Amino acid sequence: MGHVWLARDEKTGLDVALKMVAREGKAGARAEREARAAAALRHPRCQRVFSLSRDPSHVYIAYEYIPGRTMREAMQAGELDDRGAVEVACQLLDALAHAHGRGIIHRDVKPANVLLAESTTIDARLLDFGLAQMAEFDTLTAVGDVPGTLAYVSPERLKGDNATGAADIWAVGVMLWEALAGRHPFRDSGTAETSRRIRSGAPPLEDMRPDLPEALRAAIGSALHLSPERRPDAKALADELRNLPRRRKRPAAAPKSVQPSASLDLAPAALAGRVAPAALAALWTGWVTSTLAFFPSGWPAGLAAATAALAFTRPRAGLAAALGVAFFPLANISLGLAIAYALVAAAWLALFWRSPRVGLAFIAGPLLGAVGLLSLMPLAAQLVPGRARKAATAAVGVLTAIAVAGFGHATLPFTHDPAPLGLGIAGSSRPGAVASALWHFLSLHPALIAETALLAAAAATLPLLRRKGPWPAALYGAGLLGTTVLFAPEAAALPLVAAAWVSAVGLALERLRTPSPLH
């Protein structure tokens with residue numbers, strides 16, 4: 001509709017978000033209606049309007065300035081876990097209950113219009129009432145014109161029915177489904193197919209997340225009912241989501257003759273989500289137990305199978321077992337090395353306690369290193385939630401690839417120097433001495449340090465560039481190459497050039513798959 005600037009109110013000295021909209025066509029009238037709608041709301045979850053002004057060419061709205069990021073940005077960066085997504089939905093429903101009680105329907109609820117304020121706790125604000133419909137206003141929308149972003153428009157609005165509060169409830173249901181499942185229930189490359197999917201209804205959330213409580217899936221399903229009359233109002237849905245822990249019931253035991261086994265969660269998506277960490281646990285355990293001397297010759301296969309089974313059924317226990325299996329083989333080399341590893345493994349387990357299924361994603365490092373594609377580690381790290389975890393996964397993946405090359409007496413990544421035959425840590429019982437020896441080795445190969453830091457930074461930066469278009473993608477690739485030339489000029493160029501191109505092309509193509517809004 002216009003531009004938004006960070007400005008300062010010269011009378012009060014307060015920073016404000018100043019929206020400026022040209023008075024052309026419907027834009028000016030919608031902006032004034034937005035200001036009136038937002039000014040009618042007095043709720044901590046609704047962005048406040050300080051003032052409205054106009055001149056012959058523009059309409060100006062001064063909003064309170066709230067530092068933060070949008071829900072869309074938080075989702076793309078993997079910074080919103082299940083509990084956080086539900087809390088955001090509850091806070092949005094509080095705002096909508098307040099608005100609906102005053103005859104205001106937002107009509108454009110979507111992640112880009114939800115601001116997560118900078119705070120130690122979840123603090124969501126509903127923004128942009130530019131399409132809001134108030135009871136006393138006649139609609140500015142022509143017959144057949146569906147306002148809002150298509151992916152979050154309710155099926156009755158696609159049919160041309162008048163907007164009601166149920167349309168906003170539908171949008172919250174879509175956002176919560178998307179945040180929990182990790183993908184959108186309806187979005188497609190074409191508007192016609194997206195519309196068809198919306199009219200058909202959302203896929204069952206249990207196909208993507210069978211591990212979620214049944215009561216939560218049922219609450220989201222009620223918000224996504226095709227009939228608007230069957231959807232709960234905003235307050236009822238917020239209460240239902242907040243009371244889920246007290247409402248959860250233990251399922252009744254099935255008769256022994258038909259008692260299901262652990263395959264209850266073996267829907268295709270859930271099966272893939274369990275097989276991947278099990279495979280990684282098997283690979284890691286098999287390599288450790290077969291490469292490092294300690295276990296009898298017949299044990300590696302059995303230990304790998306046991307760890308995989310544990311990761312399949314109990315991901316957190318499987319991650320702990322896979323990390324712990326290296327302790328005794330490393331202690332066989334050096335007690336100090338084993339203690340240092342145990343401290344790192346414990347910290348890693350704590351870091352991935354809430355997302356254990358991707359805790360072994362760092363194994364992609366030695367796998368990519370084996371085929372000379374270690375520079376693609378930032379892409380592999382995108383499977384991990386949170387920018388800090390992405391960066392840590394990329395860094396540990398590179399360091400693990402270096403360690404694997406060392407134990408295998410292969411050439412080191414990036415530099416192609418021969419791996420050292422020993423670091424002087426065998427038999428050492430002091431973790432500090434071991435850490436000092438390892439750092440001394442890395443300091444002799446500055447390209448390894450530079451590339452580890454560079455790829456970790458690239459993994460953390462990638463989420464910020466997703467769906468931004470070809471220029472940010474090109475700048476990312478150029479930055480990857482430029483910083484390498486600057487800080488590690490001796491690194492092999494070809495793998496980095498390939499990684500830069502693959503990453504840039506992937507970012508650019510992802511932008512092409514993003515649907516555009518209808519307004």
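Residues numbered from 1 in each chain as written. Predicted model: local features only at pLDDT ≥ 70, side-chain atom pairs only at ≥ 80, totals over all residues. Heavy atoms only, no water.

## As for the overall build of the protein chain
- When helices and strands are tallied, the protein chain shows 21 helices and nine strands.
- Partitioning the intrachain contacts of the protein chain with sequence separation of at least 6 by distance along the chain shows that 67% fall at a separation of at least 24.
- Carbon and sulfur atoms make up 61% of the accessible area of the protein chain, which totals about 25500 Å². (Helix = DSSP H or I, 4+ residues; strand = E, 2+ residues; numbered from the N terminus. Contact = heavy atoms within 4.5 Å. Areas by Shrake-Rupley, 256 points an atom, 1.4 Å probe, with all protein chains shown as cover.)

## Some points on the packing of helix 3 (residues 82-100) against helix 5 (residues 165-181)
- The geometry of helix 3 relative to helix 5 is characterised by a closest axis approach of 10 Å and an angle of 170° between their N-to-C directions. By the angle between their directions, the pair helix 3 and helix 5 is classed as roughly antiparallel. Every residue of helix 5 that contacts helix 3 at Asp-82, Ala-85, Val-86, Ala-89, Leu-92, Leu-93, Leu-96 and His-100 is listed here: Gly-165, Asp-168, Ile-169, Val-172, Met-175, Leu-176, Ala-179 and Leu-180.
- Residues of the contact of helix 3 with helix 5, tallied by class, amount to 12 nonpolar, two polar and two charged. (Axes fitted to C-alpha atoms, helices over the stretch in contact; angles between N-to-C directions. Parallel < 35°, antiparallel > 145°, perpendicular 65-115°, else oblique. Nonpolar A, V, L, I, M, F, W, Y, C, P; charged D, E, K, R; others polar.)

## What to know about the pairing of strand 1 (residues 3-8)
- Counting buried residues along strand 1, only zero of its six residues qualify, which leaves the element largely exposed.
- In terms of strand pairing, strand 1 meets strand 2 (residues 15-22) through six bridges, oriented antiparallel. Its bridge partner lying in strand 2, Trp-5 is registered against Leu-18.
- Linking two consecutive strands that pair antiparallel, namely strand 1 and strand 2, is a turn of six residues; a positive phi of about 80° is found at Gly-13 within it. (Buried < 20%, exposed > 50% of the residue type's maximum accessible area, 1.4 Å probe, protein only. Pairing = 2+ DSSP bridges.)

## Focus on the sheet that holds strand 7 (residues 114-117)
- The strand order across the open sheet built from three strands is 5-7-8, with neighbouring strands paired in antiparallel fashion. Every other strand in the sheet has two partners, leaving strand 5 (68-70) and strand 8 (124-126) as the edge strands with one partner each. Going across the sheet, the axis of each strand differs from the next one's by a mean of 30°, ignoring polarity.
- With three bridges connecting them, strand 7 and strand 8 associate as antiparallel partners. Bridging across to strand 8, Leu-116 finds its partner in Ala-124.

## Here we look at empty space enclosed by the protein
- Considering all chains together, one arrives at five cavities of 30 Å³ or more under this definition.
- Surrounding the second largest cavity, Pro-277, Leu-280, Ala-281, Ala-311, Pro-315, Gly-318, Leu-319, Pro-356, Arg-357 and Leu-360 form its lining.
- Elements with a minimum of two residues in the lining of the second largest cavity: helix 10 (268-291) and helix 12 (315-324).
- Of the residues in the lining of the second largest cavity, the class split is eight nonpolar, one polar and one charged. (1 Å grid on protein atoms, 1.4 Å probe; cavity = no way out; pocket = protein on both sides within 12 Å on 5 of 7 lines; lining within 4 Å. Points joined across faces, edges and corners; volume = space filled by probe spheres on them.)

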